[in-house]
Amino acid sequence: AYTNRGWLHVEKGDLDKGLADFTAAVKLAPKDALVTNNLAWFRATCPNAKYRDGKQAVALATQACESTGFKNEEFLDTLAAAHAEAGDFKSAVKWATKTLELDPHNEEFAEHLKLYQSGKPLRDELQ
C-alpha cells in the first residue's frame, strides 16, 4: 500500500511524500524485492537531484536482484540505472546488456543501454 501511494505522490509531484512512503514500505517489508526495487528506481532515476542516491539505489537494487536470482529483467534494469547514477557506467552497461538478453525486443531497455554507453544516467519523467 505504501509503495502504491508513493507512486501516486510522485505522479502528483510530491516527491517528499513519495520518498517517505517508499522508505516506510522498505521498513515494513525489507525482503520484498518489488518494494526494494521501487525505492531503488526512485533513488536512481528521479529527475530532482535532491532525491537521488546512487549508493543506496545500488544496494537496494542488488538486494532485489539477488532475491530473484538475477532473472527479473525489470529489477536488472533498475540495477543498471542505479550503477549509472553512482557513476559506474561499466556496470550499468553490463546489467543493461543482461536485461536485453532476457527481453531482447524491449525498446526501452535498448534505449537505456545506449544512454549508459554514452556515459549518461537515466532520468525518469514525472507526470
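Scroll up a little and you will see the structure.
Quick look at the structure, then. Everything numeric here is computed off the predicted structure, so don't read it as measured data. (Residues numbered from 1 in each chain as written. Predicted model: local features only at pLDDT ≥ 70, side-chain atom pairs only at ≥ 80, totals over all residues. Heavy atoms only, no water.)

### Looking at the overall build of the protein chain
Next, step 1: Regarding its fold elements, the protein chain presents seven helices and zero strands.
Next, step 2: For the protein chain, the α and β elements follow one another from N to C terminus as α-α-α-α-α-α-α.
Next, step 3: Expected size for 127 residues packed as a compact globule is a radius of gyration near 14 Å; at 14 Å, the protein chain falls within 12% of this value.
Next, step 4: Reported as C-alpha extents along the three principal axes, the dimensions of the protein chain are approximately 35 × 30 × 25 Å.
Next, step 5: Scored against the burial criterion, the 127 residues of the protein chain give a buried share of 44%.
Next, step 6: In the protein chain, the proportion of contacts linking residues at least 24 apart, taken out of those at least 6 apart, comes to 53%.
Next, step 7: Accessible area for the protein chain stands at about 6900 Å²; split by element, carbon and sulfur atoms hold 51% of it.
Next, step 8: Where the 16 positive side-chain charges of the protein chain centre and where its 19 negative ones centre are 7 Å apart. (Helix = DSSP H or I, 4+ residues; strand = E, 2+ residues; numbered from the N terminus. Rg over C-alpha atoms; globule rule 2.2 N^0.38 Å. Buried < 20%, exposed > 50% of the residue type's maximum accessible area, 1.4 Å probe, protein only. Contact = heavy atoms within 4.5 Å. Areas by Shrake-Rupley, 256 points an atom, 1.4 Å probe, with all protein chains shown as cover. Lys, Arg positive; Asp, Glu negative; His and termini not counted. Charge placed at Lys NZ, Arg CZ, Asp CG, Glu CD.)

### What to know about a negative patch on the surface
Next, step 1: A surface patch of like charges, here negative, comprises Glu74, Glu107, Glu108 and Glu111.
Next, step 2: Among the elements that line the negative patch, the one with the most residues is helix α7 (residues 107–117), at three residues. (Patch = residues over 30% accessible without salt bridge, like charges linked within 9 Å, V, L, I, M, F, W, Y side chains within 5 Å. Salt bridge = Lys/Arg side-chain N within 4 Å of Asp/Glu carboxyl O.)

### Some details on the pattern of salt bridges
Next, step 1: The tally for this structure, following the rule as stated, stands at six salt bridges.
Next, step 2: Salt-bridge contacts for Lys17 lead to Asp14; the nearest nitrogen and oxygen are separated by 3.8 Å.
Next, step 3: For the salt bridge of Asp16 with Lys50, the shortest nitrogen-to-oxygen distance reads 3.6 Å. Residue Asp16 is found in helix α2 (residues 15–28), and its partner Lys50 is found in the loop between α3 (33–45) and α4 (54–67); the two are separated by 34 residues along the sequence.
Next, step 4: Asp16 gets classed as partly exposed once you look at its relative accessible area, which sits at 45%.
Next, step 5: Here the salt bridges do not stand alone but share partners, grouping Arg52, Glu85 and Arg123 into one network.

### Brief notes about the packing of α3 against helix α5 (residues 73–85)
Next, step 1: Two elements in contact, α3 and α5, have axes whose closest approach is 9 Å; the angle formed by their N-to-C orientations is 35°. Between α3 and α5 the crossing geometry is left-handed. Along the contact surface, α3 presents Ala33, Leu34, Asn37, Ala40, Trp41, Arg43, Ala44 and Thr45, while α5 presents Glu74, Phe75, Asp77, Thr78, Ala81, Ala82 and Glu85.
Next, step 2: Residue composition of the contact of α3 with α5, by class: eight nonpolar, three polar and four charged. (Axes fitted to C-alpha atoms, helices over the stretch in contact; angles between N-to-C directions. Left-handed = near helix turned anticlockwise from the far one by under 90°. Nonpolar A, V, L, I, M, F, W, Y, C, P; charged D, E, K, R; others polar.)

### So, the environment of Phe89
Next, step 1: Its location among the elements puts Phe89 in helix α6 (residues 89–102).
Next, step 2: A relative accessible area of 22% means that Phe89 is categorised as partly exposed.
Next, step 3: Each C-alpha atom, one on Phe89 and one on Pro104, is 20 Å from the other, the two residues being 15 residues apart in sequence.
Next, step 4: The contacts of Phe89, once residues within four sequence positions are left out, are Ala84, Tyr116, Gly119, Lys120 and Pro121.

### Some remarks on unusual backbone geometry
Next, step 1: One non-glycine residue, Phe70, adopts positive backbone phi at about 55°.
Next, step 2: The partly exposed category is assigned to Phe70, whose relative accessible area is 24%.

### Some details on α3
Next, step 1: Helix length check: α3, at 13 residues, gives a terminal C-alpha distance of 18 Å against a target of 18 Å (1.5 Å per residue), a fit within 8%.
Next, step 2: A large share of α3 lies buried, amounting to twelve of its 13 residues.
Next, step 3: Summarising the contacts, the buried residues of α3 are in contact with α1 (2–12), α2, α4, α5 and α7.
Next, step 4: The backbone nitrogen of Leu34 lies 2.9 Å from a side-chain oxygen of the residue at the head of α3, namely Asp32. (Expected span 1.5 Å × (residues − 1). Polar contact = N/O pair within 3.5 Å; in protein donor to acceptor, adjacent residues only side chain to side chain.)

On their own, these measurements won't tell you what the molecule is for.
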